[in-house]
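# Coordinate inspection notes
Chain by chain, the residues:
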Amino acid sequence: METKPEGMTTLTRVLEVLAERGYDNEFKFMEDGRLEYVNNGQLYDQEGLKIIRTYRFEGDSNPSDSAVLYLLENQYGLIGYIINAYGMYSDFEGDGFDNFIRKLPVEEREFE
């Protein structure tokens, strides 16, 4: 499911709303196939992570402006996000990131 609540039509706006709700925790994909929680350097394997929301954005005039934001939750309730351009403009070389994301369970849900 790829939905954006009314008024959340840009990546910038979604990030603002996530920050307002306390979900401004960024993850970064590492070369070793794990995610790093940017705020403290904690590393996470796929186990214990799930996708709880997906937002897709398409550039009006340039396909390279297309991006996807995955809202993730770990087994302890920490909610954060990772952003990637998609298609041939992906931010990551090879299939590592795509394989990582594909293996995560998806539990799409609404937020307050």
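Residues numbered from 1 in each chain as written. Predicted model: local features only at pLDDT ≥ 70, side-chain atom pairs only at ≥ 80, totals over all residues. Heavy atoms only, no water.

## Considering the pattern of salt bridges
Inspection of the entire model under this criterion finds eight salt bridges. Glu73 serves as the salt-bridge partner of Lys50, at 3.9 Å between the closest nitrogen and oxygen. With Lys50 in strand S4 (residues 50-57) and Glu73 in strand S5 (residues 67-73), this pair connects stretches of sequence that are 23 residues apart. Residue Glu73 is classed as buried on the basis of its relative accessible area of 11%. (Salt bridge = Lys/Arg side-chain N within 4 Å of Asp/Glu carboxyl O. Helix = DSSP H or I, 4+ residues; strand = E, 2+ residues; numbered from the N terminus. Buried < 20%, exposed > 50% of the residue type's maximum accessible area, 1.4 Å probe, protein only.)

## Considerations on the sheet that holds S5
Here we have three strands laid out as an open sheet, ordered S4-S5-S6, and antiparallel in their pairing. Both edges of this open sheet fall to S4 and strand S6 (79-85), since each of them pairs with a single strand only. Taken over all neighbouring pairs, the strand axes of this sheet differ in orientation by 20 degrees on average, direction set aside. Of the strand pairs in this sheet, S4 and S5 are connected by seven bridges, and their pairing is antiparallel. Within the sheet, the bridge partner assigned to Thr54 lies in S5 and is Tyr70. Contacts from helix H1 (residues 11-20) reach S4, S5 and S6, with the element oriented near 15 degrees to S5. (Pairing = 2+ DSSP bridges. Axes fitted to C-alpha atoms, helices over the stretch in contact; angles between N-to-C directions. Contact = heavy atoms within 4.5 Å.)

## Considering the packing of aromatic side chains
Under the criterion given, the structure shown has five aromatic pairs. Arranged with centres 5.4 Å apart and planes meeting at 80 degrees, the rings of Phe29 and Phe97 form a pair that is edge-to-face. Taken together, the positions of Phe29 in strand S1 (residues 27-29) and Phe97 in helix H2 (residues 96-102) put the pair 68 residues apart, joining distant regions of the chain. Accessibility expressed as a relative area gives 2% for Phe97, which makes it buried. (Phe/Tyr/Trp six-rings, centres within 6.5 Å; stacked < 30°, edge-to-face > 60°.)

## Observations concerning the confidence of the model for the chain
Considering every residue of the chain, the mean pLDDT works out to 82; 77% of them sit at 70 or more. Here residues 1-6 is modelled with pLDDT under 50, and outside its nearest four sequence neighbours on either side it reaches 14 contacts, counting other chains as well. (pLDDT = per-residue confidence, 0-100.)

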